[in-house]
Amino acid sequence: IFIDWESFFGCGYEEVLEQELLPALAAKWAFINYSAGQLGENQLRLRTIKRTRLMRSKINALQAGPLKIFPVQLGLLHAGESSRCARGEVTASEFMLDTFDSGTAILGNPDRLALPNDVWLDCSGDEYDYYHDRERWGQNPCFYRDDSALYFNAHPAGYATGKFGSASGFLTEF
């Protein structure tokens with residue numbers, strides 16, 4: 001179950017992440033947010049990936065109310081691929097999850113990132129510009145963990161490693 005945060009919370013994306021989602025994660029685990037205070041519109045672009053926007057609008061049209069139900073995979077399908085490659089290799093019914101949906105999935109599936117060796121989550125439905133680097137919007141947010149904490153950070157979208165996998169959802173008609 002996922003929340004249509006726009007209708008449920010009635011505030012902007014930065015506020016929903018900083019005031020609702022990330023504190024909820026911090027309440028469950030030792031949590032380190034390397035992007036604290038850096039989630040404004042100049043650094044985080046929500047669902048700029050055209051396909052993610054399209055599929056979420058279809059889900060909103062099919063399902064009334066703020067709670068949405070759709071199947072997801074939490075990184076294992078795209079493990080070892082860069083976010084950029086995963087975005088280009090989605091199936092016909094697949095779309096990349098944004099930070100809010102990925103974090104909500106972690107809250108609902110706490111065992112998914114229970115061990116440091118678990119595949120970490122790229123939030124490839126969003127784009128991030130951590131340092132206004134030379135490749136503007138060339139990063140994406142991510143969740144990962146070690147023995148001591150769950151982390152929220154960003155890394156280059158072109159970086160491929162077996163440690164990360166892009167989380168994605170699937171459009172199904174009930």
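Worth saying up front: this structure is predicted, and the values here are computed from it rather than measured.

In this section: the pairing of strand β9 (residues 139-145). The buried count for β9 comes to 7 of 7 residues, which makes it a mostly enclosed element. The alternating pattern of β9 places Gln139, Pro141, Phe143 and Arg145 on one face and Asn140, Cys142 and Tyr144 on the opposite face, and all of these are buried. Relative to β9, strand β7 (residues 120-122) runs antiparallel, the two sharing 2 bridges. Its bridge partner lying in β9, leucine 121 is registered against phenylalanine 143. Note that β9 and strand β10 (residues 150-156) share 7 bridges and pair antiparallel. Of the residues in β10, the one forming a bridge with phenylalanine 143 is phenylalanine 152. Hairpin connection from β9 to β10: 4 residues lie between these consecutive antiparallel strands.

Within a pair of aromatic rings, the relevant descriptors are the distance that separates the centres and the angle that separates the planes. If you walk through the whole model with that rule in mind, you get 11 aromatic pairs. The interplanar angle of 40° and the centroid separation of 5.2 Å between the aromatic rings of tryptophan 5 and tyrosine 13 together place this pair among those described as tilted. Taken as a pair, tryptophan 5 and tyrosine 13 share a single burial class, namely buried.

Before going further, it helps to examine helix α2 (residues 13-28). An α-helical turn contains 3.6 residues, so any two residues separated by three or four positions project in the same direction. For α2, spanning 16 residues, the distance from its first C-alpha to its last is 21 Å, which sits close to the expected 22 Å at 1.5 Å a residue. At leucine 22, α2 is deflected by roughly 30°, the largest bend along its length, and proline proline 23 occurs up to four residues later in sequence. Turning to α2, its buried residues number three or more, namely Tyr13, Val16, Leu17, Leu21, Leu22 and Leu25.

On to the side chain of aspartate 4, then. Structurally, aspartate 4 is set in the loop between β1 (2-3) and α1 (5-9). Of the buried charged residues, aspartate 4 lacks a salt bridge, with lysine 68 as the closest side chain of opposite charge at 4.6 Å. Aspartate 4 has contacts with Arg56, Asn60, Pro66 and Lys68, leaving out every residue within four places of it along the chain.

Thresholds applied
Residues numbered from 1 in each chain as written. Predicted model: local features only at pLDDT ≥ 70, side-chain atom pairs only at ≥ 80, totals over all residues. Heavy atoms only, no water. Buried < 20%, exposed > 50% of the residue type's maximum accessible area, 1.4 Å probe, protein only. Helix = DSSP H or I, 4+ residues; strand = E, 2+ residues; numbered from the N terminus. Pairing = 2+ DSSP bridges. Phe/Tyr/Trp six-rings, centres within 6.5 Å; stacked < 30°, edge-to-face > 60°. Expected span 1.5 Å × (residues − 1). Bend = angle between axes of the 7 residues up to and from the residue. Lys, Arg positive; Asp, Glu negative; His and termini not counted. Salt bridge = Lys/Arg side-chain N within 4 Å of Asp/Glu carboxyl O. Contact = heavy atoms within 4.5 Å.

It is worth stressing that arrangement in space is one thing and function is another; only the former is reported here.
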